[in-house]
Amino acid sequence: PASEMWKWSEAKRQLAKEDLRRTEAHARSLCSSAEAVKAAAIAEAGGLGFSTGAQANAQSSATAISFAKRLRAARDALAAAIVQAKQAKFPQEEVHAAETLRRKMHNLIQDLQGQIRVYCRLRPLNENERKAGDTKVVRPINGAVVE
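Only a predicted model underlies this, so the values are computations on that prediction, with no experimental measurement involved. (Residues numbered from 1 in each chain as written. Predicted model: local features only at pLDDT ≥ 70, side-chain atom pairs only at ≥ 80, totals over all residues. Heavy atoms only, no water.)

*Asks:* Sorry if this is basic, but what is going on with the overall build of the protein chain here?
*Replies:* Scanning the protein chain from N- to C-terminus turns up five helices and two strands. For the protein chain, the sequential pattern of α-helices and β-strands runs α-α-α-α-α-β-β. Per-residue burial over the protein chain gives 27% buried out of 147 residues. Restricting the contact set of the protein chain to residue pairs at least 6 apart, pairs at least 24 apart contribute 68%. For the protein chain, the accessible area works out to roughly 10200 Å², and carbon and sulfur atoms hold 56% of it. (Helix = DSSP H or I, 4+ residues; strand = E, 2+ residues; numbered from the N terminus. Buried < 20%, exposed > 50% of the residue type's maximum accessible area, 1.4 Å probe, protein only. Contact = heavy atoms within 4.5 Å. Areas by Shrake-Rupley, 256 points an atom, 1.4 Å probe, with all protein chains shown as cover.)

Structural data, given as C-alpha coordinates:
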(Lines give C-alpha, C1' and ligand atoms only; values in the text may rest on other atoms or scores of the structure.)
Protein backbone atom coordinates (compact mmCIF):
# COMPACT_ATOMS: atom_id res chain seq x y z
CA PRO A 1 0.00 0.00 0.00
CA ALA A 2 0.96 3.62 -0.51
CA SER A 3 1.04 4.34 3.25
CA GLU A 4 3.64 1.58 3.80
CA MET A 5 5.71 2.95 0.93
CA TRP A 6 5.60 6.44 2.51
CA LYS A 7 6.75 5.04 5.88
CA TRP A 8 9.57 3.10 4.22
CA SER A 9 10.64 6.19 2.31
CA GLU A 10 10.53 8.35 5.45
CA ALA A 11 12.50 5.71 7.38
CA LYS A 12 15.06 5.57 4.58
CA ARG A 13 15.33 9.39 4.63
CA GLN A 14 15.89 9.31 8.39
CA LEU A 15 18.64 6.70 8.01
CA ALA A 16 20.29 8.78 5.28
CA LYS A 17 20.14 11.87 7.52
CA GLU A 18 21.70 9.99 10.45
CA ASP A 19 24.38 8.56 8.16
CA LEU A 20 25.22 12.02 6.82
CA ARG A 21 25.45 13.51 10.33
CA ARG A 22 27.59 10.62 11.65
CA THR A 23 29.90 10.67 8.64
CA GLU A 24 30.19 14.46 8.79
CA ALA A 25 31.11 14.38 12.51
CA HIS A 26 33.78 11.72 11.87
CA ALA A 27 35.15 13.75 8.95
CA ARG A 28 35.35 16.93 11.07
CA SER A 29 37.26 15.03 13.74
CA LEU A 30 39.71 13.68 11.16
CA CYS A 31 40.14 17.16 9.64
CA SER A 32 41.14 18.55 13.02
CA SER A 33 43.68 15.77 13.47
CA ALA A 34 44.91 16.21 9.90
CA GLU A 35 45.52 19.91 10.49
CA ALA A 36 47.67 18.98 13.51
CA VAL A 37 49.60 16.37 11.51
CA LYS A 38 50.13 18.88 8.70
CA ALA A 39 51.37 21.53 11.15
CA ALA A 40 53.76 19.02 12.73
CA ALA A 41 55.13 18.02 9.31
CA ILE A 42 55.67 21.67 8.39
CA ALA A 43 57.35 22.38 11.74
CA GLU A 44 59.56 19.29 11.32
CA ALA A 45 60.58 20.36 7.83
CA GLY A 46 61.06 23.93 9.06
CA GLY A 47 63.57 22.59 11.56
CA LEU A 48 65.44 21.11 8.61
CA GLY A 49 65.90 24.55 7.09
CA PHE A 50 62.88 24.68 4.79
CA SER A 51 61.09 27.99 4.65
CA THR A 52 57.77 27.29 2.95
CA GLY A 53 54.86 24.96 3.42
CA ALA A 54 55.34 23.60 -0.10
CA GLN A 55 58.92 22.60 0.68
CA ALA A 56 57.79 21.10 3.98
CA ASN A 57 55.08 19.14 2.21
CA ALA A 58 57.65 17.67 -0.16
CA GLN A 59 59.38 16.23 2.92
CA SER A 60 56.18 14.91 4.57
CA SER A 61 56.68 12.21 7.11
CA ALA A 62 55.28 8.71 6.70
CA THR A 63 52.76 9.64 9.39
CA ALA A 64 51.30 12.40 7.24
CA ILE A 65 51.05 10.13 4.20
CA SER A 66 49.46 7.38 6.27
CA PHE A 67 47.00 9.86 7.74
CA ALA A 68 46.13 11.03 4.23
CA LYS A 69 44.95 7.49 3.45
CA ARG A 70 42.58 7.55 6.44
CA LEU A 71 41.37 10.98 5.42
CA ARG A 72 40.77 9.78 1.85
CA ALA A 73 38.59 6.91 3.09
CA ALA A 74 36.57 9.31 5.24
CA ARG A 75 36.23 11.74 2.31
CA ASP A 76 34.92 8.94 0.10
CA ALA A 77 32.42 7.89 2.78
CA LEU A 78 31.27 11.50 3.09
CA ALA A 79 30.90 11.78 -0.70
CA ALA A 80 28.71 8.66 -0.69
CA ALA A 81 26.59 10.10 2.13
CA ILE A 82 26.21 13.35 0.16
CA VAL A 83 25.01 11.44 -2.90
CA GLN A 84 22.53 9.55 -0.74
CA ALA A 85 21.32 12.82 0.82
CA LYS A 86 20.78 14.35 -2.62
CA GLN A 87 18.84 11.28 -3.73
CA ALA A 88 16.69 11.61 -0.61
CA LYS A 89 15.97 15.21 -1.68
CA PHE A 90 17.50 16.86 1.40
CA PRO A 91 17.38 20.66 1.40
CA GLN A 92 20.47 22.23 -0.20
CA GLU A 93 21.40 23.94 3.09
CA GLU A 94 21.81 20.55 4.78
CA VAL A 95 24.01 19.20 1.99
CA HIS A 96 26.09 22.35 1.45
CA ALA A 97 28.04 22.08 4.73
CA ALA A 98 28.96 18.48 3.96
CA GLU A 99 30.10 19.40 0.44
CA THR A 100 32.26 22.20 1.82
CA LEU A 101 33.81 19.78 4.31
CA ARG A 102 34.47 17.25 1.52
CA ARG A 103 36.35 19.91 -0.48
CA LYS A 104 38.35 20.87 2.62
CA MET A 105 39.25 17.21 3.12
CA HIS A 106 40.36 16.92 -0.49
CA ASN A 107 42.70 19.91 -0.08
CA LEU A 108 44.09 18.50 3.17
CA ILE A 109 44.79 15.18 1.45
CA GLN A 110 46.68 16.99 -1.30
CA ASP A 111 48.69 18.94 1.27
CA LEU A 112 49.51 15.87 3.35
CA GLN A 113 50.68 13.95 0.29
CA GLY A 114 52.92 16.81 -0.75
CA GLN A 115 50.99 17.37 -3.95
CA ILE A 116 52.59 20.01 -6.12
CA ARG A 117 50.18 22.61 -7.40
CA VAL A 118 51.20 24.66 -10.39
CA TYR A 119 50.15 28.27 -10.71
CA CYS A 120 50.87 30.41 -13.73
CA ARG A 121 49.86 33.78 -15.08
CA LEU A 122 49.46 34.43 -18.79
CA ARG A 123 49.93 37.81 -20.39
CA PRO A 124 49.28 39.00 -23.90
CA LEU A 125 52.21 39.47 -26.26
CA ASN A 126 53.73 42.94 -26.01
CA GLU A 127 54.43 45.15 -29.02
CA ASN A 128 58.11 44.15 -29.31
CA GLU A 129 57.21 40.44 -29.29
CA ARG A 130 54.60 40.94 -32.01
CA LYS A 131 57.09 42.93 -34.15
CA ALA A 132 59.64 40.13 -33.72
CA GLY A 133 57.09 37.71 -35.18
CA ASP A 134 56.30 35.87 -31.97
CA THR A 135 52.96 34.08 -31.79
CA LYS A 136 50.82 32.79 -29.00
CA VAL A 137 52.11 29.50 -27.63
CA VAL A 138 49.36 28.76 -25.11
CA ARG A 139 45.60 29.07 -25.21
CA PRO A 140 43.52 29.33 -22.04
CA ILE A 141 40.80 26.66 -22.01
CA ASN A 142 39.19 27.75 -18.74
CA GLY A 143 40.25 29.42 -15.50
CA ALA A 144 42.30 26.40 -14.46
CA VAL A 145 43.65 24.88 -17.69
CA VAL A 146 45.84 26.10 -20.54
CA GLU A 147 46.74 24.34 -23.77
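*Asks:* Explanation requested: the nonpolar core in the structure shown.
*Replies:* Nonpolar side chains tend toward joint burial in soluble globular proteins. If you look at the biggest cluster of nonpolar residues, it comprises 25 residues, and the most contacted ones within it are Leu20, Leu71, Leu78, Phe90, Met105 and Leu112. Elements with a contribution of two residues or more to this core: helix H1 (2–46), helix H3 (62–87) and helix H4 (92–113). Residue contributions to this core peak at nine residues, all from H3. Leaving out residues up to four positions away in the same chain, Leu71 has contacts with Leu30, Cys31, Ala34, Met105, Leu108, Ile109 and Leu112. (Core = buried A, V, L, I, M, F, W, Y, C linked by side-chain atoms within 4.5 Å.)

*Asks:* Hey, could you run me through the confidence of the model for the protein chain in this one?
*Replies:* Close reading of the predicted structure is inappropriate where its pLDDT is low. Averaged over every residue, the pLDDT of the protein chain is 76; the share at 70 or more is 73%. Across the protein chain, helix H5 (residues 127–131) holds the top mean pLDDT of 88, while helix H2 (residues 53–58) sits lowest at 44. A low-confidence stretch, residues 48–60 stays under pLDDT 50, and its non-local contacts, those more than four residues away or across chains, total 16 contacts. (pLDDT = per-residue confidence, 0-100.)

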